[in-house]
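Okay, here's what each chain looks like letter by letter:
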Amino acid sequence: MTTALSVRDLRKTYGTGFEALKGISFDVQEGDFMALLGPNGAGKSTTIGIISSLVNKTSGSVSVFGHDVEREYTAAKMHLGIVPQEFNFNQFEKVGDILRTQAGYFGIDRKTANARAEKYLKLLNLWDKRDERSRMLSGGMKRRLMIARALVHEPKLLILDEPTAGVDIELRRSMWEFLKQINQQGTTIILTTHYLEEAEQLCRSIAIIDHGRIIEQNSMKKFLAKLDRETFVLDLGVDLQAAPEIPGVALKMVDSHTLELEISKQESLNQAFAALSERNIPVVSMRNKANRLEELFVALVEKKN
Amino acid sequence: MNLQQQYNALETIVVKEIRRFMRIWIQTLLPPAITVALYFVIFGTLIGSRIGEMGGFSYMEYIVPGLIMMSVITNAYSNVVSSFFSTKFQRSVEEMLVSPLPNYIVIWGFVLGGIARGLAVGFIVTLLALFFTHLQVHNLLVTVTIVLLTATLFSLGGFINAMYAGSFDDISIVPTFVLTPLTYLGGVFYSISLLPPFWEGVSRLNPIVYMVNGFRYGILGVSDISLGVAYGMIILFVVIMYAWAHWLLKKGIGIRS
């Protein structure tokens, strides 16, 4: 299998003396959909900055599809598409022009650039905005514009730095569908996000970075299997004054008709339901309190700190 | 990138730059036309008639090449400095940094944009001059090459200024405190041969003297400086400024952390 991205012993110390990356190494295989997670200030954006040439590394190496991003920067960048965290397009330019200009920077001729701009603006539902100045777009449209711009040269590796930040749920889900679709068509994707539910839903592998070091790299499936306890939220059919006591099950009142139930993965939920039933406490509905990845992520980062 | 791809990339930047200054023509093309028209009226017609001849020409005829060159210099410079700093300020410079654009394509794209605006304003000013005086061209080749080299040099200057600039104040400091005094003291309004020998010598340290005189030779056939020296100095400055701009871009000074 081809390695889409290879990062080796990457270090970055800023002029202020702050050591943002302390020698990180990881690989991303072609076709993968990887989540790069970490708390704020962990080094995610610095890593992406170095991969995309926006930040000068202190030492180490990065290669994209086997091409070093410094020595063979033309070949490396041809394969790479970046969707940054902050809006970084000219606010006074028209939406269509932004895509055509970006295509031009990759050496694409005007006719092909026009066709690509039309293709990706249509795919991201921005075609009817093509003649509008980009500053007139809503936040969600601006995010989609950056995705369209990153795809206009049809890269094999797409890196998205918090692409759904501040985007409403409906739009977020449509972006998820779009990303799944292009991943299925062969584009390797690396995603950073603070919505861990998003990472859990979309990604097949995961790398967690904290204080400039990789503290976990695994497949999502294996990583999630590490979780040994789960918390459920139970909506009750009656009002309670206090949480009932059931041996082996931790119950906590959220409000008078909602309970939180924490249970080991080895234990059966039947026992808890039977005990509640005996006490004439009907359970109307049940859901996971938080997504599993979030629980693991918090536990891991807290443990390392 | 192969040659065709590089041409496509260069064309993209140049077209974008020309589109930018044409879109905001009220800020880019109109003000220099008004300013120079005022110079023609005040210095050429009102005061110039009392000054008499200079270098064998009426004062108005004598200052026209200098005023055209002054417009080319300030507009080539300000086009690149404001456009490139704007890409830094809005972070759209990242669009170029993540692409495979070679550094020389970025520099020449912006420089050609600066040259285009310098020439556009120079053309407008020349048309305006025809309302006030008769204009001859003594040597078309010298006129064209000097104006192109000068626009190139000051576009490079604007690029370097924008690379270092961290705020909008930084892009107005050089034009205000360096470019304007050098232009006014560069022989636009007078022949440096009128100065005492010491100040004439000092004036020869001013690069704009070589450009104004080279251009004046192209239009009128008179110059305070020999043509060979003028070309030599301008080309030397272009080479130095290009090397400086390329080094800044390679190091990513002001644009990469």
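Residues numbered from 1 in each chain as written. Chains lettered and ligands numbered in written order. Predicted model: local features only at pLDDT ≥ 70, side-chain atom pairs only at ≥ 80, totals over all residues.

1. Structural notes on the overall build of chain A
Short version of the rule: Numbering of helices and strands runs from the N terminus, with a helix taken as a DSSP run of H or I at least four residues long and a strand as a DSSP run of E at least two residues long. Our exposure labels follow a C-beta count within 10 Å of each residue's own C-beta, placed from the backbone: buried means 20 or more other C-beta atoms, exposed means 12 or fewer, and partly exposed covers the counts in between. What counts as a contact is two residues whose backbone-derived C-beta atoms lie within 7 Å of each other.
Scanning chain A from terminus to terminus reveals 10 helices and 14 strands. Each principal axis of the C-alpha atoms in chain A carries an extent, and together these give about 75 × 45 × 40 Å. Counting only residues that meet the buried cut, chain A has 41% of its 305 residues in that class. The contacts in chain A between residues at least 6 apart in sequence include a share of 66% that link residues at least 24 apart.

2. Concerning the nonpolar core
How we decide: As used here, a nonpolar core is made of buried Ala, Val, Leu, Ile, Met, Phe, Trp, Tyr and Cys residues. They are joined through C-beta atoms within 7 Å.
If you look at the biggest cluster of nonpolar residues, it comprises 148 residues, and the most contacted ones within it are A:Ala148 and B:Phe159. At 17 residues, helix 4 (residues 59–89) of chain B tops the list of elements feeding residues into this core. Discounting chain neighbours no more than four positions away, the residues touching A:Ala148 are A:Leu99, A:Tyr120, A:Leu121, A:Leu124 and A:Leu126. Judged by nonpolar contacts, the second largest core, of 5 residues, contains A:Leu234, A:Leu259, A:Leu261 and A:Leu276.

3. Describing the interface of chain B and chain A
As a reminder, the rule being used: For this classification, Asp, Glu, Lys and Arg are treated as charged, while Ala, Val, Leu, Ile, Met, Phe, Trp, Tyr, Cys and Pro are nonpolar and the rest, including Gly, are polar.
If you look at the interface, chain B gives 21 residues, while chain A gives 26 residues. Put simply, the parts of the chain that give the side of chain B that touches chain A at least two residues each are helix 1 (3–23) and helix 5 (93–97) of chain B. Of all the elements, helix 1 of chain B adds the most residues to the side of chain B that touches chain A, at 6 residues. Tallied by class, the residues present in the side of chain B that touches chain A amount to 7 nonpolar, 9 polar and 5 charged.

4. So, the domain arrangement of chain A
Here is the rule: Each domain's extent is set by a domain assignment, obtained either automatically or from a database.
Taken domain by domain, chain A consists of domain 1 (3–224) and domain 2 (229–304). Computed from C-alpha atoms alone, the centre-to-centre distance between domain 1 of chain A and domain 2 of chain A is 38 Å.

5. Side note on helix 6 (residues 169–184) of chain A
Residues and elements named next belong to chain A. Note the following rule: Expected helix span is computed as 1.5 Å times (number of residues minus one). Think of the arc as the fan of directions from the helix axis to the C-beta atoms.
The end-to-end C-alpha distance of helix 6, which contains 16 residues, comes to 22 Å, matching closely the 22 Å that a straight helix rising 1.5 Å per residue would cover. All buried positions along helix 6 are accounted for by Arg-172, Met-175 and Leu-179. The buried residues of helix 6 all sit within an arc of 60 degrees when viewed along its axis, so they share a single face. Residues Glu-170, Glu-177, Gln-181 and Gln-184 are exposed on helix 6 and point more than 90 degrees away from its buried face. Buried residues along helix 6 sit against strand 8 (188–192) and helix 7 (196–202). Where helix 6 ends, the next residue or the one after it, Gly-186, has phi of about 120 degrees, a positive value.

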